[in-house]
Amino acid sequence: MVKDAFSHISTWVFDLDHTLYPPSARLFDLIEVRMTDYVMNALGVEREEADRLRAHYWKTHGTTLAGLMREHDVDPAPYLTDVHDIPLDRLTPDPVLAQQIRALPGRRIVYTNGCAPYAERVLDARGLAGLFDAVYGVEHAGFMPKPDLEAFEKVFETDGLVPQKAAMFEDDARNLQAPHDMGLRTVHVADTRGAGDHIHFHTDDLSAFLAKLI
């Protein structure tokens with residue numbers, strides 16, 4: 001049974017974007033426009049080049065912010081405030097998901113490559129506010145992004161979780177490699193399963209999967 005594979009879990013770690021809300025909300029369409037605008041202004045390049053760099057930084061460094069910091073020494077705080085300043089009217093409350101998360105035994109936390117204030121706004125819009133013991137953003141990892149192992153180590157040390165007693169739910173398969181190597185149970189939340197032995201379980205319906213664990 002799936003439930004038996006999680007019987008030892010006392011801390012549940014959830015990514016935010018495309019994990020606690022569906023990709024169909026397309027919030028990243030809005031965020032990516034603001035990211036490209038920021039790259040244009042910060043580096044003084046045209047939109048086409050800024051869009052190329054944004055994608056390049058994400059692929060090479062894990063996030064656009066990480067690329068800007070490592071290659072151009074950009075201050076992360078104004079960037080995070082600016083790119084996450086988007087309307088959330090595309091999101092709707094999900095009472096079924098809220099019920100399943102609430103029923104999980106132990107601690108429940110959110111860890112996102114976005115910033116914590118943005119995460120809190122998303123949780124509120126999804127009807128998930130108050131369900132988590134802690135919300136961690138990239139700022140809690142010293143602005144290092146997933147999938148960097150050091151980023152996970154910083155956040156997990158701050159939280160005090162025991163990796164061998166924790167599970168992580170994440171839509172980006174590459175962000176599950178480090179948690180797997182640290183000893184977490186890993187669940188890929190996406191329409192298409194990512195490849196690799198670092199993924200223990202896959203689901204395209206988080207609520208239905210959580211229902212199996214309660």
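Here's what I pulled together on the structure shown here. (Residues numbered from 1 in each chain as written. Predicted model: local features only at pLDDT ≥ 70, side-chain atom pairs only at ≥ 80, totals over all residues. Heavy atoms only, no water.)

**Description of the overall build of the chain**
- A tally of helices and strands in the chain yields nine helices and six strands.
- Taking 214 residues into account, the globule formula puts the C-alpha radius of gyration at 17 Å, and the chain, at 17 Å, falls close to it.
- In terms of overall dimensions, the chain has C-alpha extents of about 55 × 35 × 30 Å along its principal axes.
- Looking at the chain residue by residue over its 214 residues, the buried ones come to 50%.
- Long-range contacts, defined here as pairs at least 24 residues apart, represent 63% of the contacts in the chain between residues at least 6 apart.
- For the chain, the exposed surface amounts to about 9900 Å²; the carbon and sulfur share of it is 50%.
- When the 21 basic and 34 acidic side-chain charges of the chain are each reduced to a single mean position, those positions are 5 Å apart. (Helix = DSSP H or I, 4+ residues; strand = E, 2+ residues; numbered from the N terminus. Rg over C-alpha atoms; globule rule 2.2 N^0.38 Å. Buried < 20%, exposed > 50% of the residue type's maximum accessible area, 1.4 Å probe, protein only. Contact = heavy atoms within 4.5 Å. Areas by Shrake-Rupley, 256 points an atom, 1.4 Å probe, with all protein chains shown as cover. Lys, Arg positive; Asp, Glu negative; His and termini not counted. Charge placed at Lys NZ, Arg CZ, Asp CG, Glu CD.)

**Here's the deal with the layout of surface pockets**
- Reported here for the largest pocket is a volume of approximately 600 Å³.
- Of all the secondary structure elements, the ones that give two or more residues to the lining of the largest pocket are α1 (27-43), α2 (47-61), α3 (64-72) and α4 (76-83).
- The residue makeup of the lining of the largest pocket, split by class, is nine nonpolar, nine polar and nine charged.
- Each pocket or cavity is described by its volume, and for the second largest pocket that value is around 260 Å³.
- Forming the walls of the second largest pocket are 18 residues, and the residues nearest its centre are H18, P22, P23, V189 and D204.
- Residues that form the lining of the second largest pocket fall into these classes: eight nonpolar, four polar and six charged. (1 Å grid on protein atoms, 1.4 Å probe; cavity = no way out; pocket = protein on both sides within 12 Å on 5 of 7 lines; lining within 4 Å. Points joined across faces, edges and corners; volume = space filled by probe spheres on them. Nonpolar A, V, L, I, M, F, W, Y, C, P; charged D, E, K, R; others polar.)

**Regarding the pattern of salt bridges**
- For the structure on display, the rule yields twelve salt bridges.
- Between E32 and R54 there is a salt bridge, with its nearest N and O atoms 3.7 Å apart. Within this pair, whereas E32 is found in helix α1, its partner R54 is found in helix α2, the two being separated by 22 residues in sequence.
- For E32, a relative accessible area of 29% corresponds to the partly exposed category.
- Relative accessible area serves as the criterion here: at 11%, R54 is assigned to the buried category.
- In this structure, R52 engages E49 in a salt bridge whose closest nitrogen and oxygen atoms are separated by 2.8 Å. Taken together, the positions of R52 and E49, both in helix α2 and three residues apart, correspond to about one turn of that helix. (Salt bridge = Lys/Arg side-chain N within 4 Å of Asp/Glu carboxyl O.)

**Description of the sheet that holds strand β2 (residues 107-111)**
- Strand order in the open sheet formed by six strands is β3-β2-β1-β4-β5-β6, and the pairing between neighbours is parallel. What marks the edges here is a single partner per strand, and that holds for β3 (134-136) and β6 (201-203). When strand polarity is set aside, the average angle formed by the axes of neighbouring strands in this sheet is 20 degrees.
- Across four bridges, the pairing between strand β4 (residues 166-170) and strand β5 (residues 185-189) is parallel. Looking across to β5, one finds that A167 is bridged to R185. (Pairing = 2+ DSSP bridges. Axes fitted to C-alpha atoms, helices over the stretch in contact; angles between N-to-C directions.)

**Topic: the packing of α1 against α4**
- At their nearest, the axes of α1 and α4 sit 9 Å apart, and the two run at 140 degrees to each other. In this view, α1 runs oblique relative to α4, as classed from their interaxial angle. Both α1 and α4 take part in a crossing whose hand is right-handed. Across the interface between the two elements, I31, R34, M35 and Y38 from α1 touch P78, Y79, D82 and V83 from α4.
- Of the residues in the contact of α1 with α4, the class split is six nonpolar, no polar and two charged. (Parallel < 35°, antiparallel > 145°, perpendicular 65-115°, else oblique. Left-handed = near helix turned anticlockwise from the far one by under 90°.)

**Concerning the packing of aromatic side chains**
- Under the counting rule described, the total for this entry stands at twelve aromatic pairs.
- Ring centres 5.2 Å apart and planes at 40 degrees place the aromatic pair F6 and F201 in the tilted group. Pair noted here: F6 is in the segment before β1 (11-14) and F201 is in strand β6, with a separation of 195 residues, a long-range link.
- Judged by centre distance (4.7 Å) and plane angle (10 degrees), the rings of F14 and F169 are stacked. Here F14, found in strand β1, pairs with F169, found in strand β4; they are 155 residues apart in sequence, far enough to count as distant. (Phe/Tyr/Trp six-rings, centres within 6.5 Å; stacked < 30°, edge-to-face > 60°.)

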